[in-house]
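Each chain, written out:
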Amino acid sequence: MLAFAAGACRIPNPDHCVHRDIHSDAWCAENSPARPYCSPCVAEGHGCVEDPPDPDACPAYEPDTTGASTGGSSTGGGTG
């Protein structure tokens, strides 16, 4: 039953953090500093929560640490 509930975790609210930005944790951190993580399994508070969602309870959560917001290492020439 838990696997079914976790797998079917979808929030239809268009104001939910998962619908606001590609980097939804960053969106929560900017718009709700006390709750800097975006949980796709929580509806209240636009989905923003205090602590990172537990992967066992909310396997749909993906932290947006894959792209640091300082810099950008994809653009640049081979000068050196």
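Structure first, text after, so check above.
Residues numbered from 1 in each chain as written. Predicted model: local features only at pLDDT ≥ 70, side-chain atom pairs only at ≥ 80, totals over all residues. Heavy atoms only, no water.

Draft legend 1. Highlighting the pattern of salt bridges. Taken as a whole and assessed by the stated rule, the structure comprises one salt bridge. A salt bridge links Asp-15 to Arg-20; the shortest N-O distance between them is 3.8 Å. We classify Asp-15 as partly exposed; its relative accessible area is 36%. (Salt bridge = Lys/Arg side-chain N within 4 Å of Asp/Glu carboxyl O. Buried < 20%, exposed > 50% of the residue type's maximum accessible area, 1.4 Å probe, protein only.)

Draft legend 2. Up close: the environment of Pro-14. As for its position among the elements, Pro-14 is in the loop between α1 (2–7) and α2 (24–31). Considered as a pair, Pro-14 and His-46 are 32 residues apart in the sequence and their alpha carbons are 9.0 Å apart. Setting aside anything within four residues of it in sequence, one finds Pro-14 in contact with His-19 and Arg-20. (Helix = DSSP H or I, 4+ residues; strand = E, 2+ residues; numbered from the N terminus. Contact = heavy atoms within 4.5 Å.)

Draft legend 3. Representation of α2 in the model. Among the residues making up α2, those that are buried are Ser-24, Asp-25, Trp-27 and Cys-28. End-on, the buried residues of α2 take up no more than an arc of 160°, which puts them together on one face. Check the buried side of α2 and you find it contacts β1 (37–38) and β2 (48–49). (Arc of directions from axis to C-beta.)

Draft legend 4. Structural context of the state of the cysteines. Per the stated rule, a full pass over the model turns up three disulfides. Two residues, Cys-17 and Cys-38, share a disulfide whose sulfurs are 1.9 Å apart. Between Cys-17 and Cys-38 the sulfur-sulfur dihedral comes to about 90°; the bridge is accordingly right-handed. With Cys-17 in the loop between α1 and α2 and Cys-38 in strand β1, this pair connects stretches of sequence that are 21 residues apart. One disulfide bridge connects Cys-28 with Cys-48, the sulfur atoms lying 2.1 Å from each other. Measuring the twist about the S-S bond at about -80°, one finds the Cys-28-Cys-48 disulfide to be left-handed. Highlighted residues: Cys-28 in helix α2 and Cys-48 in strand β2, separated in sequence by 20 residues. Given a relative accessible area of 0%, Cys-28 falls into the buried group. Ordering the disulfide-forming cysteines of the protein by sequence position, one finds them joined as 1-3, 2-5, 4-6. (Disulfide = S-S within 2.5 Å.)

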